[in-house]
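A look at the structure
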Amino acid sequence: MSNIVVDKSKVPWWVSNIIVPLVNLTLALLVSGLFIFIAGENPIEAVKLIIYGSFGYIQGFAYTLYYTTNFIFTGLAFAVAFHCRLFNIGGEGQAYIGGLGVFLVAINLSFLPIPIVWLLSICGAFLFGAAWAYIPAYLQSKRGSHVVITTIMFNFIASSLMIFLLVDVIRDTNQMAPHTVKLPEEIWLPSFEAFSGILGIKIRYSPLNLTFLLAIASLFFVWFLVWKTKWGYEMRAVGHNTQAAIYAGISPHKNIIIAMCISGGLAGLLGVNEILGVSHKIQAGFPAGYGFTGIAVALMGRNHPIGILPAAFLFGILYQGGSEVTFEMPNITRYMFVAVQGLIILFSGALENLFRPQIESFFVRRLNREVNA
Amino acid sequence: MEFLSDIASLINSTLRISTPLVFAAMAGIFAERSGVIDFSLEGKMLMAAFVAAVGSYYLGNPWLGLLLAIIVCVCLSMLHGFASVTHKGDQVVSCVAINILIIGLTTALAAAWFGQAGLTPTLNEDQRFLEIHLPFADALRDIPVIGTLYSDILSGHYVFVYLAYLSVPLVFWIVFKTSFGLRLRAVGENPSAVDTAGINVFTMRYKALAINGVLIAFAGAHLSTAVNANFFREMSAGRGYLALAAMIFGKWHPKTALIACLLFGFTDALQIRLQGVELPAIGEIPVQLIQALPYILTVVLLAGFVGKAIAPNAIGQPYIKER
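Residues numbered from 1 in each chain as written. Chains lettered and ligands numbered in written order. Predicted model: local features only at pLDDT ≥ 70, side-chain atom pairs only at ≥ 80, totals over all residues.

Here we take up the overall build of chain B. The helix and strand tally for chain B stands at 13 helices and two strands. For chain B, the proportion of its 323 residues judged to be buried stands at 51%. (Helix = DSSP H or I, 4+ residues; strand = E, 2+ residues; numbered from the N terminus. Buried ≥ 20, exposed ≤ 12 C-beta atoms within 10 Å, placed from the backbone.)

On to the overall build of chain A. Each helix and strand in chain A was counted, giving 16 helices and zero strands. When the backbone C-alpha atoms are referred to their principal axes, chain A occupies close to 85 × 55 × 40 Å. The 373 residues of chain A split such that 52% are buried.

All right, on to the interface of chain B and chain A then. Interface size is commonly expressed as the accessible surface area that is lost when the partners come together. Facing the 39 residues of chain B at the interface are 40 residues of chain A. Of all the secondary structure elements, the ones that give two or more residues to the side of chain B that touches chain A are helix H3 (62–86), helix H4 (91–114), helix H11 (239–249) and helix H13 (287–305) of chain B. The element best represented in the side of chain B that touches chain A is H4(B), accounting for 15 residues. (Contact = placed C-beta atoms within 7 Å.)

To continue, consider helix H15 (residues 335–350) of chain A. Between its first and last C-alpha atoms H15(A) spans 21 Å; for 16 residues at 1.5 Å apiece the expected length is 22 Å, and the two agree. The buried fraction of H15(A) is high, at 16 of 16 residues. (Expected span 1.5 Å × (residues − 1).)

Our focus in this paragraph is unusual backbone geometry. Residues other than glycine seldom take positive phi values, yet A:Asn303 does so here, at roughly 60 degrees. Among the residues examined, A:Asn303 registers 20 C-beta atoms within 10 Å and is labelled buried. One non-glycine residue, B:Lys251, adopts positive backbone phi at about 55 degrees. For B:Lys251, the location among the structural elements is in the loop between H11 and helix H12 (254–274). Residue classification places B:Lys251 among the partly exposed positions, given that 16 C-beta atoms sit within 10 Å.

Residue and element names in this part refer to chain B. Between helix H2 (residues 41–59) and H3, the shortest axis-to-axis distance is 7 Å and the interhelical angle comes to 145 degrees. Considering only the axes of H2 and H3, their crossing is right-handed. The residues of H3 that touch H2, namely those facing Lys 44, Met 47, Ala 48, Val 51, Ala 52, Ala 53, Gly 55, Ser 56 and Leu 59, are Pro 62, Leu 64, Gly 65, Leu 66, Leu 68, Ala 69, Val 72, Cys 73 and Leu 76. Its residues assigned to classes, the contact of H2 with H3 shows 14 nonpolar, three polar and one charged. (Axes fitted to C-alpha atoms, helices over the stretch in contact; angles between N-to-C directions. Left-handed = near helix turned anticlockwise from the far one by under 90°. Nonpolar A, V, L, I, M, F, W, Y, C, P; charged D, E, K, R; others polar.)

Assignment of secondary structure puts B:Ile248 in helix H11. For the pair formed by B:Ile248 and B:Leu301, sequence separation is 53 residues and the distance between their alpha carbons is 9.6 Å.

The subject of this paragraph is helix H12 (residues 270–279) of chain A. Residue and element names in this part refer to chain A. Counting buried residues in H12 gives nine out of 10 residues, a clear majority hidden from the surface. Those residues of H12 that sit buried are Leu 270, Gly 271, Val 272, Asn 273, Glu 274, Ile 275, Leu 276, Gly 277 and Val 278. Elements that come into contact with the buried residues of H12 comprise helix H3 (58–82), helix H4 (91–108), helix H5 (114–143), helix H8 (211–228), helix H11 (252–268) and helix H13 (290–300). Positive phi shows up at His 280, right after H12, with a value of about 60 degrees.

Right, dumping it as structure tokens:
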């Protein structure tokens with residue numbers, strides 16, 4: 001009875017959404033191992049160090065979650081724009097400007113009671129990030145300037161602008177280094193140290209802070225926005241088929257602007273973690289590549305909050321474990337982990353279909369055998 | 001005379017600064033005319049700079065370094081093709097992946113091999129390209145106008161500068177006057193028609209990407225073995241994107257793309273001259289604003305004066321052969 005055939009649509013969901021991404025991730029990590037070998041170190045030792053550094057002790061694990069917080073924001077930022085088929089690779093600049101927003105609001109309104117100043121600062125970060133994304137969005141929708149080029153240019157411009165401000169305008173004048181004064185201590189976001197004290201765990205220092213919960217809330221916010229609201233539906237319609245969307249009376253212009261502004265705003269929230277939570281001042285270059293890593297996080301997480309959470313956690317492990325590796329292995333610098341990100345984007349983004357047909361047809365054949373048996 | 005020599009040196013640096021942009025824009029024209037988006041010019045230029053510097057250092061000859069850079073860049077172009085032509089992956093994602101991979105890999109390997117915080121060793125005179133002084137340049141220098149034009153502007157450049165400007169008419173001829181060029185453009189406009197005519201769409205796109213790899217290697221080698229004598233971290237500094245913007249501004253056409261590249265080069269040359277200069281009525285312009293000028297110009301050009309930039313029709317779409 002071999003004429004009963006199961007077609008591709010019967011492939012179980014976990015094959016396309018879990019098995020295939022895992023195979024791609026494995027490939028990326030194998031090639032990364034090769035690079036570590038070329039750089040003159042032992043890849044297996046590096047893996048051991050990564051696992052120890054990110055899970056081995058409580059402080060390391062707190063760092064892992066702190067990096068995860070940043071990657072959730074930048075990953076969501078890329079994902080939201082991507083649902084409208086926009087490549088927002090300007091997360092770096094938007095986060096930088098978002099940091100300016102959170103700082104300006106917090107320092108000027110620090111007399112307000114605690115939760116209110118936090119809320120307003122978060123709004124400041126979101127609005128500044130969104131405003132920085134607005135111009136590329138406008139140019140894309142009205143003038144057809146490709147958003148990839150304009151957002152990259154806006155990263156460079158943001159960097160110049162912030163250096164200018166940090167050197168000439170808002171620098172702490174008692175210092176030579178280009179950074180601002182510290183925010184008053186009363187309005188710092190409570191860090192993990194405070195909570196761990198209550199739980200009876202003593203740790204010396206941890207950058208993990210309340211922003212982690214904001215990141216988790218953002219995951220729900222994006223899920224609700226993109227899949228449960230009219231806005232999200234229109235945004236995805238424009239991304240999927242602009243012509244059809246216009247036919248259905250959906251304005252591409254409006255949706256491009258909304259998608260990019262929300263995306264920029266989410267990237268801006270990185271400033272909340274970095275400035276209200278950790279360093280309490282603006283330092284030159286604080287987004288440190290988190291914006292670019294967001295691209296890898298989003299693509300690995302298939303642009304869905306449920307995928308972005310584990311992907312951000314994985315990159316948290318890579319960052320924290322990676323710093324352990326750079327500490328122990330003289331030949332490895334943090335740039336090796338930038339290369340690893342590139343490989344993950346390559347294998348789980350551009351080459352995602354490399355083995356998909358083979359894996360899917362393997363399961364189709366197995367289902368066929370079961371049906372026929 | 002002071003003014004004239006100022007202008008001459010400004011033009012001289014414009015020509016030199018525009019060189020990598022011209023190579024990259026020409027490389028971009030081949031890829032994009034065949035229907036493949038190439039944002040990875042940036043990454044490939046950086047890789048070429050790294051490979052050329054390391055190759056010249058170990059092999060003792062800059063031409064061998066250039067050859068290695070060409071081989072590696074063609075491989076990267078093939079990788080882009082493998083992902084986006086053969087496996088029909090997203091072309092922009094593939095480019096972003098290559099760019100991030102190269103930023104990380106070049107600096108990581110430079111640090112692992114040479115220690116010096118991501119710098120490759122400084123090349124000596126045998127290991128790098130030197131400025132070419134055209135014959136009689138010194139003798140003719142004192143003749144007014146012609147002397148300045150010949151000795152101060154045309155003479156004394158690196159070989160890449162001359163090659164870059166020679167490549168423009170060559171690219172024009174290949175793309176617009178040969179049957180290969182006709183097929184190339186057709187593949188980018190209407191791949192299924194080309195397929196019907198019995199020409200393999202995939203092979204055409206791979207050929208275009210191979211040429212793209214060769215051209216971009218020259219841009220990188222210019223940076224690390226001619227104007228500089230070593231490779232340093234992220235030394236391409238956005239030039240790949242500027243070149244792409246120039247190409248779009250030039251409407252995917254070699255001649256107009258050249259003009260746009262020269263405009264970028266001029267802004268950059270002016271930028272270097274303006275630093276620290278007091279302007280009447282404005283005072284000293286902040287150095288950060290001046291440094292951001294080329295990037296601001298890119299945005300303005302893409303936004304304002306392009307009119308409607310009409311890309312090759314099939315750009316960004318993987319070709320799916322009907323069965």
